[in-house]
Structure formats: C-alpha cells, structure tokens
Amino acid sequence: MHKDSVISIDMGGTKVLGCVANSKEGIIARVKKPTDPNSSRKKYVHQLAEVVFDLIEKTHINKKKIKAVCLGVPGTVNPETGVIGLAPNLGLKNFNIKKMLEAEIPFPVLIENDVNLGALGIKTFGVGKKAHNMLAVFVGTGIGGGLIINGKLYRGSNYVAGEIGHMLVEKNGPKCGCGRKGCFEAIASRTSIVNKIIKDIKSGKRSTLSKLVKNKERIRSKSLLNAVKKKDKIVCKRITEGCDVIGGVLASISNLLNLDMLVLGGGMIEALDFYMLPLIKESFNEHVLNDSAKGLKIVASKLGDDAAIFGGIALAEEFLGVRV
Ligand SMILES: [Zn+2]
C-alpha cells in the first residue's frame, strides 16, 4: 500500500514528465509522454490528464491517496489563481490551466514556475535542507533562479522573483531571448557558451568538437564534458569565461541578500560540476564582500530533473496544508 502522495508534472513543449511521489517513498512511478507543441489548449490539457490517469494505473494507488496534482510550468504563473501568464515554449498565454485541468481530473491542481519548484525541491529534499536563505541557479538553455528567504519560497510582488537570467551584465552586450541586450543568460548560459565555441571553430580554431560543428550536430553537455576531459583549449576557455561571469553575478546577489547557500544545477552543471564549481567559487570570492560570504556554501544540486518533482510535495503542503 502506497502512502498519501502527489502527482508532479514537469511541463515541456515536446514532452511532459509525470511522477507519483511522497516524502517517505520518494518517486514511486514515472510516465513520460510526448506532446504536440501545436495542439490546442484543450488537447494539451487532455494530455496532462492522461498522464495523471496513466500514473494511477501504473501504481495501482487508491485515488483517495492522491492529494494534489502539481504542475511545473516553464513560464510565469500566478500560483494563487492557477493562471499561466506566459509560457513561450508551450505557446500558452493568460490561461487558467488549473480550472481546465480540474474539470478533467478529480484532484486539486496547483501550479508553480518550474525553476521555483526546483528550488523548493532542493530546499525540502536536497542539499538545501538546512539552508534558511538560499538561491538555486540552473544553467542550461537559459539561466533560471529560485529564491528561498527565511525558509520559504520568495515569489515577489507579481510572482516573477528569481529571474536572474535577465540581470544586466554587459551594457549593449549580446542579444537575449527576452529582446534586451547583455542579460546574464545571453552571456553565460550553455546556449551562449556553445554559440561562442561554434563561432571559434568556424573562424578556423581547432577543437575536439570541430567534427560535431561540421556535421551541424547539437553540442550537448556531454560533448562539453568530453572536450574538457581532453583539455580542449577553446572549450575550456569559453567555459572558464562563463564561470567567471556566473561567479561575479552570484557575488553581487550574495552582497544584496546575504545568503547562506548557493545551489547550482541544470544540465551543464550536472555534467561539469567538478570543473565549473571551483572556477565559479574563485570568481565569486574575488567579487564578494568578505562578511557577505562568511559561512556561505556553494554546492551542486544532485537532484537533476527530480528537484521540480519533489517541489510538488512542498507546494501541496504550502497551499493545501497536506503533508505527503
Ligand atoms: Zn534577457
């Protein structure tokens, strides 16, 4: 017999991952389903409902034991009303997903930004357990952040706090996906680091990744890892530059908020934490005020994509008062 649980769903444009989870048994079951990015809202929500029912069938869990369905949304949300403000990768805007999904399933639906959920998961079930004031930073396609202040997720006045990816780092710098210039993620995300490496290679510099670039293959975190292991000069140089910027931005944030923990996650950090963390720390120490850094720990998240799944457990407790 399984214990009381939540269903957490990580929403993506091309696939969704759903899990049944609780704090005693961890993740009990997973279901991954491809979704059609061009489908209608109704169809998309229906696909989410199917994931919920697939999970119940897979685990044979009594429906009464499911206390909430928590959605991790890659975009802006209002967790009080259940409205998605804007989720560009899902093509959703001003959409009350809570209402529409609750019409299809017999469970309360909660929503939160996926990065915030990741931070909640790390705080409740990961390396951040003992942290009071923590920032979780995820480096990948972009750079996202989730803030925990006094043990609680800090959402800000319009629920958009934590958007560190769009902090200005370089005036008139490279163009960002948000339309502005010189944002943090336009300079130090995996996407921007990889773009610089590709540019280097195309300009004639030699790299172990030359073949990938020539064949127009995607450079994933794993390829970067292999290149670093081979001490590839171009790759190491560009990643070091990125880490220098990341360390500097984290130092500024630490000076502002005086945190006790900085957690780094996301695909790139997971693959390269042994290489990137020391570089980030070096730059951080160079830029931070001594008193602000006192007792502060910089660590890698070990939860991967599961961080947001575990975040659903914390969300259910916050909004429904249920402990699972
Ligand atoms: Zn931006």
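Relevant structure appears above.
Residues numbered from 1 in each chain as written. Predicted model: local features only at pLDDT ≥ 70, side-chain atom pairs only at ≥ 80, totals over all residues. Heavy atoms only, no water.

A.B. asks: Break down the packing of aromatic side chains for me, with residues and values.
C.D. replies: To describe a pair of aromatic rings, you give the distance between the ring centres and the angle between the ring planes. All told, the structure shown has two aromatic pairs when counted by the stated rule. For the ring pair phenylalanine 125 and phenylalanine 310, a centre distance of 5.3 Å and an interplane angle of 35° mean the geometry is tilted. Of this pair, phenylalanine 125 sits in helix α3 (residues 114–125) while phenylalanine 310 sits in helix α11 (residues 306–320); the two residues are 185 residues apart in sequence, bridging distant segments of the chain. Residue classification places phenylalanine 310 among the buried positions, given a relative accessible area of 12%. (Phe/Tyr/Trp six-rings, centres within 6.5 Å; stacked < 30°, edge-to-face > 60°. Helix = DSSP H or I, 4+ residues; strand = E, 2+ residues; numbered from the N terminus. Buried < 20%, exposed > 50% of the residue type's maximum accessible area, 1.4 Å probe, protein only.)

A.B. asks: Talk me through the coordination of the zinc ion; I want residue IDs and the actual numbers.
C.D. replies: Taken together, His166 (ND1), Cys176 (SG), Cys178 (SG) and Cys183 (SG) make up the full set of protein donors to the zinc ion, lying 2.0 to 2.4 Å away. Taken together, the four donor atoms surrounding the zinc ion define angles of 105 to 119° at the centre, an arrangement classified as tetrahedral. In primary sequence terms, the donor set of the zinc ion follows H-x9-C-x1-C-x4-C. Here cysteine 178 falls in the partly exposed class, since its relative accessible area comes to 30%. Since its relative accessible area comes to 2%, cysteine 183 is described here as buried. (Donors = N, O, S within 2.8 Å, 3.2 Å for Na, K, Ca; no water. Tetrahedral: all angles 85-135°; square planar, octahedral: opposite > 155°, others 65-115°.)

A.B. asks: Account for α11, naming residues and giving values.
C.D. replies: Along its 15 residues, α11 runs 22 Å from first to last C-alpha, staying within 8% of the 21 Å computed at 1.5 Å per residue. Most of α11 is tucked away, with 11 of its 15 residues classed as buried. Inspection of α11 places Asp306, Ala307, Ala308, Ile309, Phe310, Gly311, Gly312, Ile313, Ala314, Leu315 and Ala316 among the buried residues, and these make up the whole buried set. Those residues of α11 that are buried are in contact with β1 (5–10), β2 (15–22), β3 (26–34), β4 (66–73), β8 (109–113) and α3. (Expected span 1.5 Å × (residues − 1). Contact = heavy atoms within 4.5 Å.)

A.B. asks: Before we move on, can you summarise the pattern of salt bridges with the specific residues and values?
C.D. replies: One pass over the structure, following the stated rule, counts 12 salt bridges. Notably, a salt bridge pairs aspartate 200 with arginine 238, separated by 2.7 Å at the nearest N-O pair. Of this pair, aspartate 200 sits in helix α5 (residues 190–202) while arginine 238 sits in helix α8 (residues 233–257), and the two are 38 residues apart along the sequence. Considered together, aspartate 200 and arginine 238 belong to a single accessibility category, that of buried residues. Residue glutamate 241 pairs with lysine 237 through a salt bridge whose shortest N-O separation is 3.8 Å. (Salt bridge = Lys/Arg side-chain N within 4 Å of Asp/Glu carboxyl O.)

A.B. asks: With reference to specific residues and values, describe the layout of surface pockets.
C.D. replies: For the second largest pocket, the calculated volume is near 340 Å³. In terms of lining, the second largest pocket is formed by 15 residues, of which the most central are Thr124, Ile313, Ala314, Glu317 and Glu318. A per-class count over the lining of the second largest pocket returns six nonpolar, three polar and six charged. (1 Å grid on protein atoms, 1.4 Å probe; cavity = no way out; pocket = protein on both sides within 12 Å on 5 of 7 lines; lining within 4 Å. Points joined across faces, edges and corners; volume = space filled by probe spheres on them. Nonpolar A, V, L, I, M, F, W, Y, C, P; charged D, E, K, R; others polar.)

A.B. asks: Break down the environment of glutamate 25 for me, citing the residues and quoting the values.
C.D. replies: Residue placement: glutamate 25 occurs in the loop between β2 and β3. Taking relative accessible area as the criterion, glutamate 25 reaches 35% and is therefore assigned partly exposed. Taking the C-alpha atoms as reference, glutamate 25 lies 7.8 Å from lysine 3; in sequence the two are 22 residues apart. Not counting residues within four places of it along the chain, the set of residues in contact with glutamate 25 comprises His2 and Lys3. Looking at glutamate 25, its side chain comes within polar contact range of the side chain of histidine 2, at 2.9 Å. (Polar contact = N/O pair within 3.5 Å; in protein donor to acceptor, adjacent residues only side chain to side chain.)

Any link to function would need more than the numbers given here.
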